[in-house]
Amino acid sequence: MILYGAGDHGKVIVEILEANNIQDIVFWDDNPKGDLWEFKVSKSSTNIIVDKYMIISIGNNIIRKIIAEKTNKQFNFAKAIHPNSVISRRSVIGQGSVVMPGGIINANSIIGEHVIINSCAVVEHDCVLADFIHISPNASICGNVSIGEGTHVGAGAVIIQGIKIGKWCTIGAGAVIIKDIPDYAVVVGNPGKIIKYNQST
Ligand SMILES: CC(C)(COP(=O)(O)OP(=O)(O)OC[C@H]1O[C@@H](n2cnc3c(N)ncnc32)[C@H](O)[C@@H]1OP(=O)(O)O)[C@@H](O)C(=O)NCCC(=O)NCCS
């Protein structure tokens, strides 16, 4: 297994893989700064065809998307699901996505590719999350919520049932979202208010 990105997010993903008894792990990094713990960190390369699986272990949603687009012809993307997460058998999780300890994905939800469901985040029933999203620790996504590509939901944020969140939004830590949110909006507070817009990708 190749983990692309030997930073902090990579540390967490490697422990998810270890918890699944996956031991054959190497890191790639565009700017390697020495090995990470007992794991070799090599300079990233897209010139060779590797028959192994890869997870892009980079927390930044835009960079994860750029690397996925650069590497998707050469590699198969794997998932990393922590054994102490709870995943409905009627939910679907896309390739390249990770679910951290305590993460919950409830019935009939669809999680896109290269998504991060961070520690103790809850995605309730019938949600639809697009690709390259990050749901931070302890965030609660209530039932029937949809979230567009690349959106970051901050730690402890709450999105009430049935809300539609656009693409490449940022939901601040602790925000409570009770109305639909347009693409690229940055929202903070309770109730959530738009304070600015992210640059379009
Ligand atoms: C929302 C967020 C992205 C804004 O960051 P930023 O663009 O650097 O904005 P600033 O820090 O300049 O703050 C702008 C204003 O919003 C307020 N604000 C920022 N984040 C806030 C939050 N989470 N809740 C309430 N108000 C917040 C600031 O106090 C400031 O208010 P002011 O203009 O009255 O002084 C950031 O604060 C945040 O919450 N990020 C999520 C972090 C997180 O959950 N990480 C998880 C990693 S796993």
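Residues numbered from 1 in each chain as written. Predicted model: local features only at pLDDT ≥ 70, side-chain atom pairs only at ≥ 80, totals over all residues. Heavy atoms only, no water.

Moving on, we get to the environment of Lys33. Its place among the elements puts Lys33 in the loop between β2 (26-29) and β3 (41-43). Classification of Lys33 by relative accessible area gives exposed; the value is 76%. The spacing of Lys33 and Ile93 is 60 residues in sequence and 32 Å in space, taken between C-alpha atoms. (Helix = DSSP H or I, 4+ residues; strand = E, 2+ residues; numbered from the N terminus. Buried < 20%, exposed > 50% of the residue type's maximum accessible area, 1.4 Å probe, protein only.)

What follows deals with the sheet that holds strand β19 (residues 158-159). The strand order across the open sheet built from 6 strands is β7-β10-β13-β16-β19-β22, with neighbouring strands paired in parallel fashion. Bordering the open sheet on either side are β7 (86-87) and β22 (176-177), each of which pairs with just one other strand. Two strands pair when backbone bridges link them, and β7 and strand β10 (residues 104-105) are joined in this way by 2 bridges, in the parallel orientation. Its bridge partner lying in β10, Ile87 is registered against Ile105. (Pairing = 2+ DSSP bridges.)

The next subject is the pattern of salt bridges. Pairing is possible between side chains that carry opposite charge, provided their charged atoms lie close to one another. Counted according to the given criterion, the structure contains 3 salt bridges. Where Asp8 meets Lys11, a salt bridge forms, and the shortest distance between an N and an O atom there is 3.1 Å. Residue Asp8 and its partner Lys11 are located together in helix α1 (residues 8-19), separated by 3 residues, close to a single helical turn. On the basis of relative accessibility, which here comes to 30%, the residue Lys11 falls in the partly exposed class. For Lys65, the salt bridge identified is with Glu69, shortest N-O distance 4.0 Å. One end of the pair, Lys65, and the other, Glu69, are both in helix α2 (residues 61-71), 4 residues apart, so they sit about a helical turn from each other. Each of Lys65, Glu69 and Glu149 takes part in salt bridges that share partners, so that together they form one network. (Salt bridge = Lys/Arg side-chain N within 4 Å of Asp/Glu carboxyl O.)

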